[in-house]
Amino acid sequence: TGLAASAAPAVDPDDLARLVAVAERRVASAEKALHANHPDIRVGDDVFAFREMGSRGGRRFDLLFPKPEWDVDETTEARTDAAFVRDFATRAPWVPTLVEPVLGKNDGKNDDDDDDDARASIESGTARCVGPPEPPRRHRSNAWWCDVSVVYSKPGAPAQDWHCDGRHLAGEARADYAGAGAAPPYAVCVFCPLIDLGEDVGFTRFWAGSHVADGLIGFGAAAEVLRGCVDGIVKRGGFVAYDYRTMHRGMGNSSSSGTTRPVLQFLYARSNYRETKNYGARSVFRPAT
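Residues numbered from 1 in each chain as written. Predicted model: local features only at pLDDT ≥ 70, side-chain atom pairs only at ≥ 80, totals over all residues. Heavy atoms only, no water.

Draft legend 1. Representation of the overall build of the protein. Counting its regular elements, the protein contains 5 helices and 13 strands. Intrachain contacts of the protein at a sequence separation of at least 6 include 81% that bridge at least 24 residues. (Helix = DSSP H or I, 4+ residues; strand = E, 2+ residues; numbered from the N terminus. Contact = heavy atoms within 4.5 Å.)

Okay, structure coming up:
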C-alpha cells in the first residue's frame, strides 16, 4: 500500500516532550522573523516560499529545522535544538523497522556507491537524483539523508487538494496494469503528530497504493470513489510513514478551541537524491531587500 503506521504513541515520552518544545520555539522564532522582516506578506492569504519556510495553502505552513550550513542565520538555541532533532531522526523508532529496510543503513559503504546509476543524473519535472552528492550533509558512505520540518495547520486551514510530494523519477520503472514492477522508493516520509489527531483538528488522508502509478496524479478524487482512502488519525507521538510518491491531502482544521495541528515531518531520502522544490532561496530570518 505504500503506507505504515503506529496509531498508538511510539516515541519515548522524554524525546516527545523535547520535540514539542523545540517545535514550539522554531515556529515562534520563524513567525516573529516573518512579520518583522517581511511585513508585506499577508500570512494566511499570500503564497510564499523561503529557504526555511513555505506556505502550503491557506493557514498551513511547512517550517524546516536548521541545517548546519544555515548556522550564520540561526541563534545558538536554534542550533542546539536542530542538533537534537537531527540526532533523534537517526534513532527514531521507525528507522530500524522502516527506513533502514527500504533505504539501507548509514553505517558504512553501501552496495550502490559504485553503481553507475547512483552517479547518473536522473531528472523529472520537480525532482531529480544527482551525483555525486553534496557534502557535508550527504556523504557517499551514507545510504540516506534526512530533513526535518514542522508542518502546522492553524484553525481555519482548508483541506488541501490531492497531491504527491515526490514525483516518479525519470528513467525509473513504472508499475504494470497489475500494479507490479514499480521502482523501489527513493524516499520515505514520516509524519509524527505532536497532538492527538482527529476530525476537529484534522489529519492527513492517503490514497493507499497510489505510489506505484504516476498516471493517477491529477485524479485524486477517484480515491474516495474507489475506496482507496486511509485516514492517518494517530495519537500524539504515533506516526504514519509513506512512500514519498504516495498521493495524499492534508484535511482542514476546524477546531473550535483554537488548536493548531503541529506535525513533525521526517523526509528520509537516498543519498543521491536532491530535493529541488517545496522551498525558496531567501532566508526568512533576513530582511527583505
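Draft legend 2. Local environment of the sheet that holds strand S10 (residues 239-243). Sheet architecture is open: 7 strands sit in the order S1-S10-S7-S12-S6-S3-S2, paired in antiparallel fashion. Strand pairing shows two members of the sheet lacking a second neighbour, strand S1 (3-6) and strand S2 (53-55), which therefore form its edges. Recorded for the sheet is a direction-independent mean angle of 20° between the axes of neighbouring strands. Pairing of strand S6 (residues 144-153) with strand S12 (residues 261-270), which is carried by 10 bridges, proceeds in the antiparallel orientation. Note that in S12 the partner of tryptophan 144 across the bridge is arginine 270. This element, helix H2 (residues 76-91), spans S6 and S12 of the sheet and lies at about 115° to S6. Against the sheet, helix H3 (residues 94-103) makes contact with S1, S6, strand S7 (187-193), S10 and S12, and its axis sits at roughly 35° relative to S12, the strand it touches most. (Pairing = 2+ DSSP bridges. Axes fitted to C-alpha atoms, helices over the stretch in contact; angles between N-to-C directions.)

Draft legend 3. Just helix H1 (residues 13-37), in detail. End to end, H1 covers 36 Å across 25 residues, agreeing with the expected 36 Å (1.5 Å per residue, within 8%). Capping the start of H1 is the job of one residue whose side-chain oxygen sits 3.0 Å from the backbone nitrogen of aspartate 14: aspartate 12. (Expected span 1.5 Å × (residues − 1). Polar contact = N/O pair within 3.5 Å; in protein donor to acceptor, adjacent residues only side chain to side chain.)

So far we have only geometry, and geometry alone does not tell us how the molecule works.
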